[in-house]
Amino acid sequence: MLKSATIGCNILIIEKYFKSFLKGSLKNYELNTAEGMVLLALYGHNGQKDAQILKDSDINLVGTSQDQLIDELHYDKSVITRTMQSLEKKGYVIRKNNTEDTRSYFFKLTDKAFTFKQTLIEILKEWNEHILGDFDESVLNLLDNMLAKVAKNATKTIRKNN
C-alpha cells in the first residue's frame, strides 16, 4: 500500500510541475495552461497518437465538439467553455453551431493555431527532454504502457462511481 501512495504522490508532483512549466512557457504567447492543453487536443483530432502529433506538422481538423474535449481532457464543462471562448477571442479557434445539439458547438483551428503548433510542440519536447532525456527507449516504452493502464483504470473507476 505504501508503494502505491508514493506512486500517486509522484504523479501529482509531475502534474504540478508540468503545469507550472507549461504556464511559464506559454506566458510569452499570452496563453494559459488550459488553452495549451486544448490546442494540443485539437491538433490530435485526426485519430493520431500523441507521438504522431509531435512528429506531424500538417493536421487538417474537421471540427471537434466541446463534449469531445471535456471527455478527452477531463475538464469541467465550465472550464472548457471559458477556455474555448478565450481561444476564440484570441483567434485560435472558430466556433460553429452543432446542428445535432443546439446547446453545444464544434470548433475548428484557425491558421493562427496551426502556425503556433510547432511552438507548442517545441515546448513539449523541451519538457520531455528535461524529465525523460536520460531514460532508454525500452524503459520509456514500459513507462508509457504502465501509465496508460493507470490512466485507463482511473478513468474507468471514476466513470463507474459517477
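Residues numbered from 1 in each chain as written. Predicted model: local features only at pLDDT ≥ 70, side-chain atom pairs only at ≥ 80, totals over all residues. Heavy atoms only, no water.

**Focus on the packing of aromatic side chains**
Scanning the entire structure with this criterion turns up four aromatic pairs. An angle of 40° between the planes, with centres 5.2 Å apart, marks the rings of F21 and W127 as tilted. Residue F21 is found in helix α1 (residues 2-27), and its partner W127 is found in helix α6 (residues 111-132); the two are separated by 106 residues along the sequence. You can call W127 buried: its relative accessible area is 12%. Note on Y92 and F116: the rings are 6.0 Å apart at their centroids and 75° apart in plane angle, and the pair reads as edge-to-face. Of this pair, Y92 sits in the loop between α5 (77-89) and β2 (93-97) while F116 sits in helix α6, and the two are 24 residues apart along the sequence. Taking the relative accessible area as the measure of exposure, Y92 reaches 5% and is therefore buried. (Phe/Tyr/Trp six-rings, centres within 6.5 Å; stacked < 30°, edge-to-face > 60°. Helix = DSSP H or I, 4+ residues; strand = E, 2+ residues; numbered from the N terminus. Buried < 20%, exposed > 50% of the residue type's maximum accessible area, 1.4 Å probe, protein only.)

**Some words on α6**
In this model α6 runs 32 Å from its N-terminal to its C-terminal C-alpha over 22 residues, within 8% of the 32 Å that 1.5 Å per residue would give. The axis of α6 is deflected most strongly, by about 35°, at K117. Within α6, the full set of buried residues consists of A113, F116, K117, L120, I121, I123, L124 and W127. (Expected span 1.5 Å × (residues − 1). Bend = angle between axes of the 7 residues up to and from the residue.)

**Concerning the confidence of the model for the protein chain**
Any segment with low pLDDT has predicted coordinates that should not be analysed in fine detail. Scored by pLDDT, the protein chain has a mean of 84; 86% of the residues are at 70 or more. Looking over the protein chain, one finds the lowest element-wise mean pLDDT in helix α3 (residues 50-55), namely 43, and the highest in α6, namely 95. Note that pLDDT drops below 50 for residues 46-62; the model gives that stretch 32 contacts with residues more than four away or on any other chain. (pLDDT = per-residue confidence, 0-100. Contact = heavy atoms within 4.5 Å.)

**Brief notes about the sheet that holds β2**
Pairing is antiparallel across the open sheet formed by three strands, whose spatial order is β1-β3-β2. The sheet is open, and its two borders are formed by β1 (64-65) and β2, each paired with just one other strand. As defined by bridge partners, β2 adjoins strand β3 (residues 105-109) across five bridges and the pair is classed as antiparallel. Within β3, the residue paired with V93 across the bridge is L109. (Pairing = 2+ DSSP bridges.)

**What about the packing of helix α2 (residues 33-43) against helix α4 (residues 66-73)?**
Where α2 meets α4, the closest approach of the two axes is 11 Å, and the angle between their N-to-C directions is 110°. Regarding the angle of α2 to α4, the classification is roughly perpendicular. Residues M37, V38, A41 and L42 of α2 touch α4, and the partners they reach there are L69, E72 and L73. (Axes fitted to C-alpha atoms, helices over the stretch in contact; angles between N-to-C directions. Parallel < 35°, antiparallel > 145°, perpendicular 65-115°, else oblique.)

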